[in-house]
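A structural walkthrough
So the chains spell out like this:
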Amino acid sequence: MLAAALALAASLSYPSCIDAVERHYGLPGGIVSSIIRAESGGNVLAVNRSNRNGTADYGLMQVNSSHLPWLSRYRIDETRLLHDPCANVAVGSYIFHKAYTENGGRIVPALATYNTGSPNSRVGHAYAARVLGASPVREQAAALPAPNPRTASILVASAQEDKGAGWQTLWR
């Protein structure tokens with residue numbers, strides 16, 4: 001799946017590759033752009049070397065260096081993550097797609113997993129609120145049927161909030 005996304009991304013220029021890769025993975029429209037805004041502010045050369053665990057994050061989607069060992073089979077390294085924005089989008093979107101799938105298509109736990117590795121992390125849920133704060137995905141997620149009547153009221157109340165704080169309680 002990643003190989004096909006990398007091939008697709010290579011055939012396009014940045015930023016047009018964002019929507020194409022998003023569609024390739026079947027992700028909610030706008031989520032990749034929202035992640036990019038939260039992670040790097042759109043800076044293709046963004047590098048974060050201040051992770052507590054000694055890892056670094058690279059490029060638009062701040063792909064963590066812990067992924068580099070398995071990414072090497074696709075000829076992805078730090079340099080390519082920084083200098084090939086569409087490859088960065090393809091890789092970051094693949095990682096998010098895995099989190100999204102593992103979390104049953106639930107956007108908040110998927111974002112938390114993308115950010116922290118855990119769907120239940122408070123830090124990850126705060127990150128999800130930040131990503132979704134000004135995102136069209138927020139409205140799409142709010143329109144989804146709630147899994148049970150108790151969470152329906154939480155979903156409606158959160159969708160009506162203006163600040164995104166209510167997203168922390170959704171889909172736990």
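These numbers come from a predicted model, not from an experiment.

**Examining the environment of S121**
Structurally, S121 can be placed in the loop between α7 (107–116) and α8 (122–132). Sequence separation between S121 and P109 is 12 residues; the distance between their C-alpha atoms is 8.7 Å. Among the polar contacts listed, one links the side chain of S121 to the backbone nitrogen of V123, at a separation of 3.2 Å. Only 3.0 Å separates the side chain of S121 from the backbone nitrogen of G124, close enough to count as a polar contact.

**As for helix α2 (residues 16–25)**
Every buried residue of α2 is listed here: C17, I18, A20, V21, E22 and Y25. In the core, the buried residues of α2 are packed alongside α1 (2–10), α3 (31–39) and α6 (85–102). Remark: G26 follows α2 within two positions and exhibits a positive phi of approximately 70°.

**A short note on α6**
With 18 residues, α6 should reach 26 Å at 1.5 Å per residue; the first-to-last C-alpha distance of 26 Å fits that figure. Counting buried residues along α6, 14 of its 18 residues qualify, which places the element largely inside the surrounding structure.

**Considering the nonpolar core**
With 42 residues, the main nonpolar core has I31, V32, I35, V91, F96, I107 and L111 as its most contacted residues. For this core, the secondary structure elements donating two or more residues are α1, α2, α3, α4 (68–71), α5 (78–83), α6, α7 and α8. Among the elements that make up this core, the one with the highest residue count is α6 (10 residues). Once you skip the residues sitting within four places of it in the chain, I35 turns out to touch M61, F96, L111, Y114, Y127 and V131.

**Observations regarding unusual backbone geometry**
The peptide bond linking Y14 to P15 adopts the cis configuration, its omega dihedral lying at 10°. For P15, the position within the fold is in the loop between α1 and α2. Located in the positive-phi region is Q62, a residue other than glycine, with phi close to 50°. Relative to the helices and strands, Q62 resides in the loop between β2 (57–58) and β3 (63–64). Of the residues examined, Q62 reaches a relative accessible area of 9% and is grouped as buried.

**Brief notes about the confidence of the model for the protein**
Residues at a pLDDT of 70 or more form 77% of the protein, whose mean pLDDT is 83. Counting contacts from residues 142–172, a segment whose pLDDT is below 50, to residues more than four positions away or on other chains yields 43 contacts.

**Examining the side chain of N88**
Here N88 lies in helix α6. Given a relative accessible area of 0%, N88 falls into the buried group. Not counting residues within four places of it along the chain, the set of residues in contact with N88 comprises Y58, G59, L60, M61, Q62, V63 and L81.

**Some thoughts on the sheet that holds strand β1 (residues 47–48)**
Taken in spatial order, the three strands make up an open sheet running β1-β2-β3, and their pairing is antiparallel. With partners counted over all chains shown, the strands left at the sheet margins are β1 and β3, one partner each.

**Thoughts on the packing of α1 against α2**
Orientation of α1 relative to α2, taken along the N-to-C sense of each, is 155°, at an axis distance of 10 Å. By the angle class used here, α1 and α2 are roughly antiparallel. α1 and α2 meet at a crossing whose hand is right-handed. Contacts between α1 and α2 involve L2, A4, A5, L8 and A9 from the former and C17, A20, V21, H24 and Y25 from the latter. Looking at the contact of α1 with α2 residue by residue, the classes come out as nine nonpolar, one polar and no charged.

Cut-off values and rules
Residues numbered from 1 in each chain as written. Predicted model: local features only at pLDDT ≥ 70, side-chain atom pairs only at ≥ 80, totals over all residues. Heavy atoms only, no water. Helix = DSSP H or I, 4+ residues; strand = E, 2+ residues; numbered from the N terminus. Polar contact = N/O pair within 3.5 Å; in protein donor to acceptor, adjacent residues only side chain to side chain. Buried < 20%, exposed > 50% of the residue type's maximum accessible area, 1.4 Å probe, protein only. Contact = heavy atoms within 4.5 Å. Expected span 1.5 Å × (residues − 1). Core = buried A, V, L, I, M, F, W, Y, C linked by side-chain atoms within 4.5 Å. pLDDT = per-residue confidence, 0-100. Pairing = 2+ DSSP bridges. Axes fitted to C-alpha atoms, helices over the stretch in contact; angles between N-to-C directions. Parallel < 35°, antiparallel > 145°, perpendicular 65-115°, else oblique. Left-handed = near helix turned anticlockwise from the far one by under 90°. Nonpolar A, V, L, I, M, F, W, Y, C, P; charged D, E, K, R; others polar.

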